[in-house]
Amino acid sequence: MLLKPLLALLLAAALNPALAKEAAPAAADPVAEARLMKLSSELRCLVCQNQTIADSNAELAVDLRAEIREKIQAGMSDAAIKDFMVARYGDFVLYRPPVKNTTLVLWLGPFLLLAIGGGILVFNLRRRRQLAADPELSQDDQALAESLLHTDSTKETT
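Position numbers for residues start from 1 in each chain and track the written sequence from start to end. In keeping with the predicted nature of the model, local features appear solely for residues at pLDDT of at least 70, side-chain atom pairs appear and are counted solely at 80 or more, and the whole-chain, interface and lining totals rest on all residues. The basis for every side-chain value is the complete set of heavy atoms in the structure, and neither hydrogens nor water enter the calculation.

Caption draft 1: Region of the structure containing the overall build of the chain. Secondary structure counts use DSSP, requiring at least four H or I residues in a row for a helix and at least two E residues in a row for a strand, with both numbered from the N terminus. When helices and strands are tallied, the chain shows six helices and zero strands. For the chain, the accessible surface area stands at approximately 12600 Å², while carbon and sulfur atoms represent 63% of it. Residue-level accessible areas treat just the shown protein chains as cover; the underlying method is Shrake-Rupley with a 1.4 Å probe.

Caption draft 2: Just the nonpolar core, in detail. Throughout, nonpolar core names a set of buried Ala, Val, Leu, Ile, Met, Phe, Trp, Tyr and Cys residues whose side chains join them through atoms within 4.5 Å. Remark: exposure states derive from per-residue accessible area (1.4 Å probe, protein chains only) relative to the maximum for the residue type, with buried under 20%, exposed over 50%, and partly exposed in between. In terms of nonpolar packing, the biggest core is built from 15 residues, with Leu43, Ile53, Ile68, Ile72 and Met85 touching the most fellow members. Excluding residues that lie within four positions of it along the chain, Ile53 makes contacts with Ser40, Leu43, Arg44, Cys45, Ala61, Leu64, Arg65 and Ile68. The contact definition used throughout considers only heavy atoms, calling two residues in contact when any of these lie within 4.5 Å.

Caption draft 3: Just helix α3 (residues 59-73), in detail. Helix span is expected to be 1.5 Å times the residue number reduced by one. Along its 15 residues, α3 runs 21 Å from first to last C-alpha, staying within 8% of the 21 Å computed at 1.5 Å per residue. When α3 is considered as a whole, its buried residues turn out to be Ala61, Leu64, Arg65, Glu67, Ile68, Arg69, Lys71 and Ile72. Those residues of α3 that are buried are in contact with α2 (30-40) and α4 (78-89). Immediately downstream of α3, the backbone of Gly75 shows phi near 95 degrees, a positive value.

Caption draft 4: Seen up close, the packing of α2 against α4. Following both chains from N to C, one finds α2 and α4 inclined at 40 degrees, their axes separated by 11 Å at the closest point. In terms of orientation, α2 lies oblique with respect to α4. Classified by chirality, the crossing of α4 by α2 is right-handed. Contact residues: α2 offers Arg35, Lys38 and Leu39, while α4 offers Asp78, Ile81 and Lys82. Amino acids outside the nonpolar list (Ala, Val, Leu, Ile, Met, Phe, Trp, Tyr, Cys, Pro) and the charged list (Asp, Glu, Lys, Arg) are all regarded as polar, and Gly is one of them. Split into classes, the residues belonging to the contact of α2 with α4 amount to two nonpolar, no polar and four charged. Note on definitions: angles span 0 to 180 degrees between N-to-C directions of axes, and those axes are lines fitted to C-alpha atoms, for helices only across the stretch in contact. Any angle that falls under 35 degrees is termed roughly parallel, while one over 145 is termed roughly antiparallel, one within 65 to 115 roughly perpendicular, and all others oblique. Two helices crossing with the near one rotated counterclockwise from the far one by less than a right angle form a left-handed crossing, whereas a clockwise rotation gives a right-handed crossing.

Caption draft 5: A look at the packing of α2 against α3. At a minimum axis distance of 10 Å, the contact between α2 and α3 shows a crossing angle of 135 degrees. Comparing the axis directions of α2 and α3 gives the class oblique. Handedness of the crossing formed by α2 with α3: right-handed. Mapping the contact onto sequence places Ala32, Glu33, Arg35, Leu36, Leu39 and Ser40 in α2 and Arg65, Ile68, Arg69 and Ile72 in α3.

Caption draft 6: Examining the packing of aromatic side chains more closely. Centres within 6.5 Å are what make two rings of Phe, Tyr or Trp a pair, Trp counting through its six-membered ring; a difference in plane orientation under 30 degrees is then read as stacked, over 60 as edge-to-face, and the rest as tilted. According to the stated counting rule, one finds zero aromatic pairs in the structure shown. For a ring to carry a charge above it, either NZ of a lysine or CZ of an arginine must fall within 6 Å of the ring centroid while also lying within 35 degrees of the normal to the ring plane. Sitting over the face of the ring of Phe92, Arg44 holds its NZ or CZ atom 4.6 Å from the ring centroid. We note Lys71 situated over the ring of Phe84; from NZ or CZ to the ring centre the distance is 4.1 Å.

Caption draft 7: The arrangement of a nonpolar patch on the surface in detail. The patches reported here contain residues having more than 30% relative accessible area and no salt bridge. Joining distances are 9 Å for like charges and 5 Å for nonpolar side chains (Val, Leu, Ile, Met, Phe, Trp, Tyr). The salt bridge definition used is simple: a Lys or Arg side-chain nitrogen within 4 Å of an Asp or Glu carboxyl oxygen. On the surface, Val99, Leu104, Leu106, Trp107, Leu108 and Phe111 cluster together into a nonpolar patch covering about 590 Å² of accessible area. For Leu108, the location among the structural elements is in helix α5 (residues 104-132).

Caption draft 8: Spotlight on the side chain of Ser40. Tracing the chain through its elements places Ser40 in helix α2. Its relative accessible area of 0% is what places Ser40 among the buried residues. Beyond its immediate stretch of four places on either side in the chain, Ser40 contacts Thr52, Ile53, Ala54 and Arg65.

Caption draft 9: Highlighting the state of the cysteines. A pair of cysteine sulfur atoms is labelled a disulfide when the two atoms are within 2.5 Å. Following the criterion strictly, the structure yields zero disulfides and no others. Here Cys45 is not disulfide-linked; the sulfur of Cys48 is the nearest cysteine sulfur, at 3.5 Å. Assessed through its relative accessible area of 0%, Cys45 is described here as buried.

Caption draft 10: Local environment of α5. A rise of 1.5 Å per residue sets the reference length of α5, with its 29 residues, at 42 Å; its end C-alpha atoms lie 41 Å apart and thus fit the reference within 8%. Two axes define the bend at a residue: one fitted to the seven residues ending there, one fitted to the seven starting there, and the bend is the angle between them. Of all the bends in α5, the largest measures some 30 degrees and sits at Pro110.

Limitation: the analysis is restricted to geometry and does not speak to function.
Structure (C-alpha cells):
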C-alpha cells in the first residue's frame, strides 16, 4: 500500500536531474557581463511585460540577452544597442520609455484609469445616497399610507 507512493517519489527524484538545463553562458569578460546586466535591466521582456529581460526566464528574454552579449562583443556602445532594440521592437521595449507623443499613453494611462475609476466610484456613491434617501410622498401616497396604517392599528386593537 505504501510501496506505490514511495516508488513514485523515488522515480520523480531520479528523473529530476534529467529536467535540469545548462547554465546560461557567462561572458569571459566581467566588464562585458556587467554591461549586459545593466542593459538587460533597462529593457522590458516582451513576453512577461512586467519584468526586465534580466529578471525573465522566457525564451525571448534569453535570446535578447544573447543578442545583447553578441553586440557587446562586437564593440557596440550601450546607446547603440538600445537604439537597435528600439528600432526593432519600439519604445515599449524600454523599461522606462521616454516621454514623447507616442509614449504618452504609457506614462499617463495608469493615472487616467485611476481618475476614471475614481469618477465612477464617486458617481455610484452619490447615486446610491440619493436612492437611499427617504423620498417625499405625494399627498395621495401619504393619504393611502395613513389609511393603511389606520386599518392596521384598528385590526391590532380588536
